[in-house]
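Observations on chain architecture
Below are the chains, spelled out letter by letter.
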2 protein chains.
Amino acid sequence: MAENGRTSGNETLLFLTDDQLRKGIEAMFFAYRGFTADPDRILSDKGYGRAHHRAIHFINRTPGTTVNNLLSILGVTKQSLNRVLRTLIEDGLVKSEVGTRDKRERHLYLTATGSELEQELSNAQRDRMRAAFRQTGPEAVAGFRQVLEAMMDSDMRRHFARLKETGV
Amino acid sequence: MAENGRTSGNETLLFLTDDQLRKGIEAMFFAYRGFTADPDRILSDKGYGRAHHRAIHFINRTPGTTVNNLLSILGVTKQSLNRVLRTLIEDGLVKSEVGTRDKRERHLYLTATGSELEQELSNAQRDRMRAAFRQTGPEAVAGFRQVLEAMMDSDMRRHFARLKETGV
DNA sequence: TTGGAATGTCAACAAGGCTGACATAAAATC
DNA sequence: GATTTTATGTCAGCCTTGTTGACATTCCAA
């Protein structure tokens, strides 16, 4: 057994028992399904998938971002991202502009149509998150955010922290 | 704009601004990657994927569960689950027993080998969760769990609640 | 000038979702 | 007893989204 909920100082930490940790794990599993359910529905109507949503979300968040930066945020291969970007560009949701300083780079932006879809997706996702936040209150929300941030890999935490500063 | 962080009663709810909600959304995205990262590494070494992990996890949690029950927890099609179960049974990680009362049903159990893998996976996942819980403290953990539960679809919340009672 | 970085593209493949169709056995119902 | 429904398995085929490997282009930088 890896953990019994007690520290060496004999202080009982009930929230660290295997049982509590398992509940946290299962909560993450079930909640993530809810988290993606609404956008998934909207996307599948339009012939897109979760990968398109992710690309659209982060292009919206950091307009003009390069492909490489997006790759490192999304953690996929360039071939995989490229397939998604190609369809989004073909469909006129994303535009790709050759860099001025460095012409190798492509800077990515949402078009008006792309922004519309982004709004639709993020409204749906925010609605659910808002309901959950409202229902549980600010202290729960603070805890929620703290635990999630502590659970990230350091690379992802870096991206998250950078995005946090870019407020609306 | 869908939300401005104020109620009709003019009470400012800073944690409900679009910006706060967006941070919650991005936190979920990045944290889920961390959440699955360690098991994914272990699984890919053995030629399995996340789908196998999910099956193994819930068979371990409710030994003797039927295929139908597992389907409803996992939210996939029987064809999809069957493919995963078949390989797990062939590889001797899961055993399937015909029901005694209802002989149409198959009851699923982990074998000793299956239990070993389950332990390895859940230890890895718990290690990360434990580190995050320890780092943030019991109040944050309580909030984390509350918000996640509020974010679930009602079907999933039902499953979650049922599993919660089955303590270790 | 040469090396390396950023990007794109082509091909092939795998996991794991999906639908639809069909088979079987057993339970439930009429 | 006959019929219908349920639980499960299986086959075939499709889609999305991930992977690796190979190769071309462009262009910055040493």
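The rules behind each value
- Residues numbered from 1 in each chain as written.
- Chains lettered and ligands numbered in written order.
- Predicted model: local features only at pLDDT ≥ 70, side-chain atom pairs only at ≥ 80, totals over all residues.
- Heavy atoms only, no water.
- Contact = heavy atoms within 4.5 Å.
- Buried area = accessible area lost by both parts, 1.4 Å probe.
- Salt bridge = Lys/Arg side-chain N within 4 Å of Asp/Glu carboxyl O.
- Near = heavy atom within 4 Å.
- Polar contact = N/O pair within 3.5 Å; in protein donor to acceptor, adjacent residues only side chain to side chain.
- Helix = DSSP H or I, 4+ residues; strand = E, 2+ residues; numbered from the N terminus.
- Expected span 1.5 Å × (residues − 1).
- Nonpolar A, V, L, I, M, F, W, Y, C, P; charged D, E, K, R; others polar.

1. A look at the interface of chain B and chain A
With 63 residues of chain B at the interface, the matching set in chain A holds 63 residues. Interface area for chain B against chain A, summed over the two sides, is near 6600 Å², with a carbon-plus-sulfur share of 72%. The largest share of the area that chain B buries against chain A comes from Phe15, Phe30 and Met151 of chain B, three residues that together contribute 11% of it. If you look at where chain B meets chain A, you find eight salt bridges. Residue Asp153 of chain A is joined to Arg128 of chain B by a salt bridge in which the shortest nitrogen-to-oxygen separation is 2.9 Å.

2. Considering the protein's contact with DNA strand C
Around DNA strand C, the surrounding shell holds 25 residues, and the nearest of these are Asn68 of chain A together with Gly49, Arg54, Thr77 and Arg83 of chain B. The protein-proximal atoms of DNA strand C, defined as those within 4 Å of the protein, are 55% sugar or phosphate. Note that a phosphate oxygen of DNA strand C is positioned 3.3 Å from one of the side-chain N or O atoms of Asn82 of chain A. One nitrogen or oxygen atom from the main chain of Arg101 of chain B is found 3.2 Å from a phosphate oxygen belonging to DNA strand C. Put simply, the parts of the chain that give the surface near DNA strand C at least two residues each are α3 (67-74) and α4 (78-90) of chain A together with α2 (50-61) and α4 (78-90) of chain B.

3. Focus on α4 of chain A
All names here are of chain A. In a regular helix each residue adds 1.5 Å, so 13 residues correspond to 18 Å; α4 covers 17 Å between its end C-alpha atoms and thus fits that length. Turning to α4, the residues buried within the fold contact α2 (50-61), α3, β2 (94-98) and β3 (106-110). Positive backbone phi, approximately 75°, marks Gly92, located one or two places after α4.

4. A few points about the protein's contact with DNA strand D
As a structural note, the neighbourhood of DNA strand D is formed by 24 residues, with Gly49, Arg54 and Arg83 of chain A together with Lys78 and Arg104 of chain B the closest of them. Within 4 Å of the protein, the contacting atoms of DNA strand D are drawn from sugar and phosphate to the extent of 58%. In this structure, a phosphate oxygen belonging to DNA strand D sits 2.7 Å away from a main-chain N or O atom of Asn68 of chain B. Every element with two or more residues in the surface near DNA strand D is listed here: α2 and α4 of chain A together with α3 (67-74) and α4 of chain B. Of the residues in the surface near DNA strand D, the class split is three nonpolar, ten polar and eleven charged.

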